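Residue-level listing of the chains:
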Amino acid sequence: MKLDSMYQELILDHYKHPHGRGLREGDVEVHHVNPTCGDEITLRVKYDDGTLTDVSYEGQGCSISQASASVLNELMVGKQVAEAQKTQETFLELMQSKGKIEPDEAMEEVLEDAVAFAGVSKYPARVKCALLSWMAWKDATAQALEALGDGAERKSA
Ligand code: ZN
């Protein structure tokens, strides 16, 4: 696997020094696994008045899956729900690009360190590693919003 060395270093740095690792109080807890690689994550989200105030997690697996959870924590905590969801969608788009998206400035502004995973998108087997915590976050957020009765689409007429 050949990745841009600066990006590779960023990923390794998050792997060695994870941001916000450990389980803390949360509204919802989810557990996701990536059977193809053996990665696991337990993730909790905490929302306060529409702001994501914490993403706490414990996990094990390859450096990409664990670094990705660290990047998610750093990037997402403090964001409003809608902004966080947009960030997740942008990351998903990048990861599903099969290496065809070269992150531009606008994308870097949204994704910050997460652009480091751009090169990973060329390797289908590793895309699931990078997305594990992000899909767990999406799942947990959907559940949290539902519990709050805040899921706009679910509001009955
Ligand atoms: Zn993995």
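Conventions and cut-offs
Residues numbered from 1 in each chain as written. Predicted model: local features only at pLDDT ≥ 70, side-chain atom pairs only at ≥ 80, totals over all residues. Heavy atoms only, no water. Phe/Tyr/Trp six-rings, centres within 6.5 Å; stacked < 30°, edge-to-face > 60°. Helix = DSSP H or I, 4+ residues; strand = E, 2+ residues; numbered from the N terminus. Buried < 20%, exposed > 50% of the residue type's maximum accessible area, 1.4 Å probe, protein only. Expected span 1.5 Å × (residues − 1). Donors = N, O, S within 2.8 Å, 3.2 Å for Na, K, Ca; no water. 1 Å grid on protein atoms, 1.4 Å probe; cavity = no way out; pocket = protein on both sides within 12 Å on 5 of 7 lines; lining within 4 Å. Points joined across faces, edges and corners; volume = space filled by probe spheres on them. Contact = heavy atoms within 4.5 Å.

Q: Please set out the packing of aromatic side chains residue by residue, giving values where relevant.
A: For the structure on display, the rule yields two aromatic pairs. Arranged with centres 6.0 Å apart and planes meeting at 90°, the rings of Phe-91 and Phe-117 form a pair that is edge-to-face. Here Phe-91 is found in helix α3 (residues 81-95), whereas its partner Phe-117 is found in the loop between α4 (105-111) and α5 (124-147), with 26 residues between them in sequence. Each member of the pair, Phe-91 together with Phe-117, is buried. Ring centres 4.2 Å apart and planes at 25° place the aromatic pair Phe-91 and Trp-134 in the stacked group. Here Phe-91 is found in helix α3, whereas its partner Trp-134 is found in helix α5, with 43 residues between them in sequence. Pair check on accessibility: Phe-91 and Trp-134 agree, each one buried. Of the aromatic side chains, those joined through ring pairs into one cluster are Phe-91, Phe-117 and Trp-134.

Q: Can you lay out helix α2 (residues 63-76) for me, pointing to particular residues and giving the numbers?
A: Taking 1.5 Å of rise per residue, the 14 residues of α2 would be expected to cover 20 Å, and the 20 Å separating its terminal C-alpha atoms lies within 8% of that figure. Most of α2 is tucked away, with 12 of its 14 residues classed as buried. Buried residues of α2: Ile-64, Ser-65, Gln-66, Ala-67, Ser-68, Ala-69, Ser-70, Val-71, Leu-72, Asn-73, Leu-75 and Met-76, and no others. Looking at the residues trailing α2, positive phi occurs at Gly-78, about 100°.

Q: Give a detailed account of the coordination of the zinc ion, specifying residues and quantitative values.
A: Donor atoms from the polypeptide that coordinate the zinc ion comprise Cys-37 (SG), Asp-39 (OD), Asp-39 (OD), Cys-62 (SG) and Cys-129 (SG), at 2.1 to 2.7 Å from the metal. Every donor residue of the zinc ion comes from the same chain, spaced as C-x1-D-x22-C-x66-C. In this pair, Cys-62 is assigned in the loop between β3 (51-60) and α2 and Cys-129 in helix α5, connecting sequence segments 67 residues apart. Each member of the pair Cys-62 and Cys-129 is classed as buried.

Q: Tell me about empty space enclosed by the protein, and please be specific about residues and values.
A: Taken as a whole and judged by the stated rule, the model has one cavity of 30 Å³ or more. Empty space within the largest cavity amounts to approximately 30 Å³. Residue lining of the largest cavity: Val-71, Glu-74, Leu-75, Leu-111, Glu-112, Asp-113 and Ala-114, and that is the complete set. Take the lining of the largest cavity: its biggest share by element is three residues, from α2.

Q: Give me the lowdown on the environment of Tyr-7, citing residues and values where you can.
A: Relative to the elements of secondary structure, Tyr-7 occurs in helix α1 (residues 5-16). Classification of Tyr-7 by relative accessible area gives buried; the value is 15%. Tyr-7 sits 107 residues away from Ala-114 along the chain, and the two C-alpha atoms are 9.3 Å apart. Excluding its chain neighbours within four sequence positions, the residues that come into contact with Tyr-7 are Glu-108, Val-115 and Ala-116.

Limitation: the analysis is restricted to geometry and does not speak to function.
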